[in-house]
Amino acid sequence: SSRVRVLAAGVVASACRGRRVQHREASFKHGAVPYLLLMLRNGDKHEQQAASAALASVCRSESNSHLLCERRGLSELIRLLQLFKGATRASAAEAVMHVFRGVAGACEEAYEKGCLKTLTAIVSLDSTTEVARIRALGAMSELFAKLPASRDQYFSHGGADTLLSLLRGPTAPPPP
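Here we summarise the structure given alongside this text. (Residues numbered from 1 in each chain as written. Predicted model: local features only at pLDDT ≥ 70, side-chain atom pairs only at ≥ 80, totals over all residues. Heavy atoms only, no water.)

## Some points on the overall build of the protein
Helix and strand counts for the protein come out as 12 helices and 0 strands. Secondary structure elements in the protein, listed N-terminal to C-terminal, are α-α-α-α-α-α-α-α-α-α-α-α. Here the C-alpha atoms of the protein give a radius of gyration of 16 Å, agreeing with the 16 Å that 2.2 N^0.38 yields for 176 residues. If you line up the protein on its principal axes, its C-alpha atoms span 55 × 30 × 30 Å. (Helix = DSSP H or I, 4+ residues; strand = E, 2+ residues; numbered from the N terminus. Rg over C-alpha atoms; globule rule 2.2 N^0.38 Å.)

What follows is the structure, encoded as structure tokens:
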């Protein structure tokens, strides 16, 4: 049932969080990534949210990140970033950040699919949750480090203004 899948994905997410390398490797060995991707593609809203959170945890492992990319899961994560809000978006951004960190070529693929525009919108929107904004900034940082063209595009299209407004905060006076 849907509820069981949501709870099982939550257990996977919980087990793979933090420094639990052996749990992430076990999730790889037992094939968690393909099932989580299936939940992303075909599941209801709750299943997609749970799968996104679980992928954010399991993709801390390079082997899981590679498997996700082999199964075209990066496209699914980008789709979640574009369509969802709140916790689902935050988890997808975290998973994208881990994939960028661990998989050569993932940044180029995501850049071609418009991921920079999506991450920019998440960071810029006032309606974005703080957690989603933080995780999107983490993904952008990885993207900029691995693909300098993305950084150049961001700053040539006014990205510095967004970052400065985030540095200032909502009520900070202008610098002297």
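## Some thoughts on the packing of helix 6 (residues 73-83) against helix 7 (residues 86-102)
At a minimum axis distance of 8 Å, the contact between helix 6 and helix 7 shows a crossing angle of 145 degrees. For the crossing formed where helix 6 meets helix 7, the hand is left-handed. Two secondary-structure elements touch here, helix 6 through Leu74, Leu77, Leu80, Leu81 and Gln82 and helix 7 through Thr88, Arg89, Ala92, Ala93, Ala95, Val96 and Val99. When the residues that make up the contact of helix 6 with helix 7 are grouped by side-chain class, the tally is 9 nonpolar, 2 polar and 1 charged. (Axes fitted to C-alpha atoms, helices over the stretch in contact; angles between N-to-C directions. Left-handed = near helix turned anticlockwise from the far one by under 90°. Contact = heavy atoms within 4.5 Å. Nonpolar A, V, L, I, M, F, W, Y, C, P; charged D, E, K, R; others polar.)

## Remarks on the environment of valine 58
Within the secondary structure, valine 58 is located in helix 4 (residues 45-58). Residues valine 58 and histidine 98, 40 residues apart in the sequence, show an inter-C-alpha distance of 9.2 Å. Apart from residues lying up to four places away in sequence, valine 58 is in contact with Val12, Cys16, Arg24, Ser27, Val33, Leu36 and Asn64.

## A word on the side chain of serine 91
Among the structural elements, serine 91 can be located in helix 7. Classification of serine 91 by relative accessible area gives buried; the value is 9%. Non-local contacts of serine 91, meaning those with residues more than four positions away in its chain, are made with Ser52, Ala53, Ala56 and Arg135. (Buried < 20%, exposed > 50% of the residue type's maximum accessible area, 1.4 Å probe, protein only.)

## Notes on the packing of helix 4 against helix 7
Contact geometry for helix 4 and helix 7: axes closest at 8 Å, N-to-C directions at 30 degrees. Here helix 4 lies roughly parallel to helix 7, going by the angle between them. Handedness of the crossing formed by helix 4 with helix 7: left-handed. Across from Gln48, Gln49, Ser52, Ala53, Leu55 and Ala56 in helix 4, the residues of helix 7 making contact are Ala87, Thr88, Ser91, Ala92, Glu94, Ala95 and His98. Residue composition of the contact of helix 4 with helix 7, by class: 6 nonpolar, 6 polar and 1 charged. (Parallel < 35°, antiparallel > 145°, perpendicular 65-115°, else oblique.)

## A few points about the environment of alanine 26
By the element assignment, alanine 26 lies in helix 2 (residues 21-29). Alanine 26 sits in the partly exposed class, given a relative accessible area of 31%.

## Re helix 4
Under the 1.5 Å per step criterion, the end-to-end length of helix 4 is 20 Å for 14 residues, consistent within 8% with the ideal 20 Å. Burial within helix 4 is extensive, with 10 of its 14 residues counted as buried. Here the buried face of helix 4 lies against helix 1 (2-16), helix 2, helix 3 (32-42), helix 5 (62-70), helix 6 and helix 7. Looking at where helix 4 begins, the residue whose side-chain oxygen comes 3.0 Å from the main-chain nitrogen of histidine 46 is aspartate 44. (Expected span 1.5 Å × (residues − 1). Polar contact = N/O pair within 3.5 Å; in protein donor to acceptor, adjacent residues only side chain to side chain.)

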